[in-house]
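Observations on the three-dimensional arrangement
Residue strings, one per chain:
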Amino acid sequence: MRKMLCPQCKIGAFYVKNEKGDRCLVYVDENGEVYTKYPTDSLEGFDTTVVFCLGCSWSGSPKRLIKY
């Protein structure tokens, strides 16, 4: 799996939020699919249409990420 990168700071680590504001660490593959960093975590209840970069203030659709 190739990780997509933040268009602003070029790192591949992101998080998603749920309604309570909880965070789940994720990666995004080249097809725009969101995967949890840890296999034991679940994305159930999390909004995967918006990802937040761990390295800068960027947030947006997984489709807007770039390939390296």
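Small disclaimer: the values here were computed from a predicted structure and weren't measured. (Residues numbered from 1 in each chain as written. Predicted model: local features only at pLDDT ≥ 70, side-chain atom pairs only at ≥ 80, totals over all residues. Heavy atoms only, no water.)

**Brief notes about the environment of V50**
Worth spelling out the cut-off: Secondary structure elements are taken from DSSP: a helix is a run of H or I of four residues or more, a strand is a run of E of two residues or more, and numbering for both begins at the N terminus. Burial classes: relative accessible area under 20% of the type maximum marks a residue as buried, over 50% as exposed, and values in between as partly exposed (1.4 Å probe, protein chains only). In what follows, a contact means two residues having at least one pair of non-hydrogen atoms within 4.5 Å.
For V50, the position within the fold is in strand β4 (residues 46–53). Taking the relative accessible area as the measure of exposure, V50 reaches 27% and is therefore partly exposed. Measuring from C-alpha to C-alpha, the distance between V50 and G60 comes to 5.0 Å, with ten residues separating the pair along the chain. Excluding residues that lie within four positions of it along the chain, V50 makes contacts with Y15, V16, S59, G60 and P62.

**A word on the sheet that holds β4**
So the rule is basically this: Note on pairing: DSSP must find at least two bridges between two strands before they are called paired.
Across the sheet, five strands lie side by side as β3-β2-β1-β4-β5; this open sheet has antiparallel pairing. At either margin of the open sheet sits one strand with a lone partner, and together these are β3 (34–36) and β5 (59–60).

**A few points about the environment of K37**
In this structure, K37 sits in the loop between β3 and β4. Measuring from C-alpha to C-alpha, the distance between K37 and Y27 comes to 6.3 Å, with ten residues separating the pair along the chain. Dropping the residues within four chain positions of it, K37 is found in contact with L25, V26 and Y27.

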